[in-house]
Every structure is written in structure tokens, then in C-alpha cells.
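# Structure assessment
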Amino acid sequence: MNAAARPSARPSLGTALITGASSGIGAVYADRLARRGYDLVLVARDAARLSALAERLQREAGVQAEVLQADLTVRADLARVEQRLRADTRITLLVNNAGMAVSGTLAAADIDAVERMIALNVLAPTRLAAAAAQAFAARKAGTLVNIASVLALVPEMFSGTYSGTKAYVLNLTRSLQQELGPQGVRVQAVMPGATRTEIWDRSGTPLHHLPQAMLMDVDALVDAALAGLDQGEAVTIPSLEAVHEWNALEDARRALGPFLSLQQPATRYTQAPAAAAA
């Protein structure tokens, strides 16, 4: 759509590039960001779905929406998206959302599927974040949203390989906040719980196997995540009412810092155990 078609009362906020945009969380981000005034670059494998979404949002929100078909586990496709992030100065927001899950134990897993998951959940967002970081830092502006998961905090609840990839995304995000914040770049980690998306069926764990009280609708999830962004949150956990619990966890983690790397081992490793009572 021609930029002139945008309603005059809503100037462009730039362009948001969203990965995994053909369905689920990515598609709802596309809808919400378009209605806020962002033009869109929609990235996913399913060109037909992307095109239908782009056409709808151009029509309903009066924005430009471009389809960039890419499989982010294919190095050449990933490189094209990286190059777009580096070269297109209109891009002001990256939503690193594309991901997949593999359920079950590592010993019983399809290790090739696990490798694909690591490529999509770890390698792809890292390279895209790096490209966005370089571009945004050079302009002293921009926003990076990384979709992690609450499973980063509770790895015993699901596949350790999946939760491990999301713990990586969380740690990467926290580091980027320190790196890019002073350069005017906002970085947010979003940590969904179980959400009604297609990822469950694809992972081999159908939604109906999960307690319904745990499942959040995707629209509510994205609206909460954007509210957290608006409020300046570094980490947004949409279902967490008692935010003081998260703050307490963060305080405890920081308190460990001075004791994690010292010259001498802890005394429990160097002192002989006390003799058992007679």
C-alpha cells in the first residue's frame, strides 16, 4: 500500500520486522503493531499465510506490509533477513518470535529435530539481534523484543532442550539491555507461559493435554506484552500478578554475584566432614 494511504492522524512509527509472523504470537504482534502505526516486514516460511495477513492489515490498518518468506534454519534465508535489518533504516523494531518446540526427554528425542530447534530458537535470534543491535545502536534508537518463555525459569516442567533455548534467549536479552540501553535502544524479554498456539500440536503435545487454567489466549498474551513494553519493563511475564516475586528472584540472583568467582573453594569442599555421632 502507498504510504499516502495511511490515516493522517497516525504518523508512521517506522517499520517492525516480525519473525514467525504467519500465525500465533507473531501474527497477533503484526496486527497490534499495525494498528499502532507501524509498517511491517512479515517473516516466516508460509508465504500464503503471510500474504493473507499482509493484505488484511494493509486494508484494515492503512499500513505498508511486506512479505519476506524465509526459513530461518536455512543459512541463506537467515542471511537475507540479517541483511535487511542492517540495510533498511526504516526498521525501528524487531520482534524475535520465530521458534519451535521438541517435547520429551533428550535420550528419546529425534536429535535432528533438536538440532533444528536450536538453530531456530538460538542461532537465528542471536544473528538477527546482532544485526538489529548494530543498526539501532548506530542510530541511537530502536526496540528489540525477544520472545523467551517461563520455562527458562522452570526447566523441570518440560523438555530440557526447549527450556534451555529459552534460558539462552533470556540471558542474551539481559546482556543486551546492559549493552544497548546506554545507546538509546530498548530491549525487552517476553516470557509467555502456555499459550494457545500451534506450537503445541507441532511439538507432539496437544493443547487438550494441558490444564486449561494454564493456557492463555494469544491475543491476551500479546496485549500484555505490549503493555509491559509501554511500561518500560525489561522482562514481561504476562501471567505473573505478584511482580514482587520476580523482583525477589532478581535480588537474590544479584546477591550471589560477589560470591560466584573467588580465589578459594568453599569450605565445605576443603574441610573434612565432622565425625558421625556415636
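Note: the structure precedes this text.
Presented here is a report on the structure given in the accompanying data block. Computed from a prediction, not measured in an experiment: that's the story for all the values here.

The first and last C-alpha atoms of helix α3 (residues 75–87) sit 18 Å apart over 13 residues, in line with the 18 Å expected at 1.5 Å per residue. Inspection of α3 places Asp77, Leu78, Val81, Glu82, Arg84 and Leu85 among the buried residues, and these make up the whole buried set. The arc that holds every buried residue of α3, seen down its axis, measures 155°, which confines them to one face. Along α3, the residues that are exposed and aim more than 90 degrees away from the buried face are Arg75, Ala76 and Ala87. Tucked inside the fold, the buried residues of α3 contact β1 (15–19), β2 (39–44), β3 (65–69), β4 (91–96) and α4 (111–139).

Summed over the entire model, instances satisfying the criterion amount to 18 salt bridges. The shortest N-O distance in the salt bridge between arginine 35 and aspartate 31 comes to 3.0 Å. Note that arginine 35 and aspartate 31 are positioned in helix α1 (residues 24–36) at a spacing of 4 residues, about one turn of the helix. Residue arginine 35 is classed as partly exposed on the basis of its relative accessible area of 35%. As a salt-bridge pair, arginine 90 and aspartate 88 come within 3.0 Å of each other at their nearest N and O atoms. By relative accessible area, which is 7% here, aspartate 88 ends up buried.

A few words on the pairing of β1. The element β1 is largely enclosed, with a buried count of 5 among its 5 residues. What you see with β1 is no split at all: Thr15, Leu17 and Thr19 on one side and Ala16 and Ile18 on the other are buried throughout. Pairing geometry for β1 and β2, over 5 bridges, is parallel. Bridging from a neighbouring strand, threonine 19 pairs with valine 43 of β2. Traced from β1 through α1 to β2, the parallel crossover comes out right-handed. With 4 bridges joining them, β1 and β4 adopt parallel strand pairing. Bridging across to β4, isoleucine 18 finds its partner in valine 95.

What the 7 strands build is an open sheet, ordered β3-β2-β1-β4-β5-β6-β7; its pairing is parallel. Looking along the sheet, the strands with just one partner apiece sit at the ends: β3 and β7 (235–236). Relative to β7, strand β6 (residues 185–190) runs parallel, the two being bridged by 2 bridges. Its bridge partner lying in β7, alanine 189 is registered against valine 235. Seen against the sheet, helix α2 (residues 47–61) touches β2 and β3 and runs at an angle of roughly 170° to β3.

Attention shifts here to the pairing of β2. For β2, a buried count of 6 out of 6 residues is recorded, marking the element as mostly surrounded by other parts of the structure. Alternating residues of β2 divide into Asp39, Val41 and Val43 and Leu40, Leu42 and Ala44, and every residue in both groups is buried. In this sheet, β3 lies alongside β2 in parallel orientation, the contact comprising 5 bridges. Along β3, the bridge assignment pairs leucine 42 with valine 67. Following the backbone out of β2, through α2 and into the adjacent parallel β3, one traces a crossover that is right-handed.

Moving on, we come to the side chain of lysine 166. Relative to the elements of secondary structure, lysine 166 occurs in helix α5 (residues 160–180). From its side chain, lysine 166 meets the backbone oxygen of isoleucine 147 in a polar contact 3.1 Å long. Apart from the residues within four sequence positions on either side, lysine 166 is in contact with Asn121, Ile147, Ala148, Ser149 and Ala152.

Analysis parameters
Residues numbered from 1 in each chain as written. Predicted model: local features only at pLDDT ≥ 70, side-chain atom pairs only at ≥ 80, totals over all residues. Heavy atoms only, no water. Helix = DSSP H or I, 4+ residues; strand = E, 2+ residues; numbered from the N terminus. Expected span 1.5 Å × (residues − 1). Buried < 20%, exposed > 50% of the residue type's maximum accessible area, 1.4 Å probe, protein only. Arc of directions from axis to C-beta. Contact = heavy atoms within 4.5 Å. Salt bridge = Lys/Arg side-chain N within 4 Å of Asp/Glu carboxyl O. Pairing = 2+ DSSP bridges. Right-handed = clockwise from strand over helix to strand, strands pointing away. Axes fitted to C-alpha atoms, helices over the stretch in contact; angles between N-to-C directions. Polar contact = N/O pair within 3.5 Å; in protein donor to acceptor, adjacent residues only side chain to side chain.

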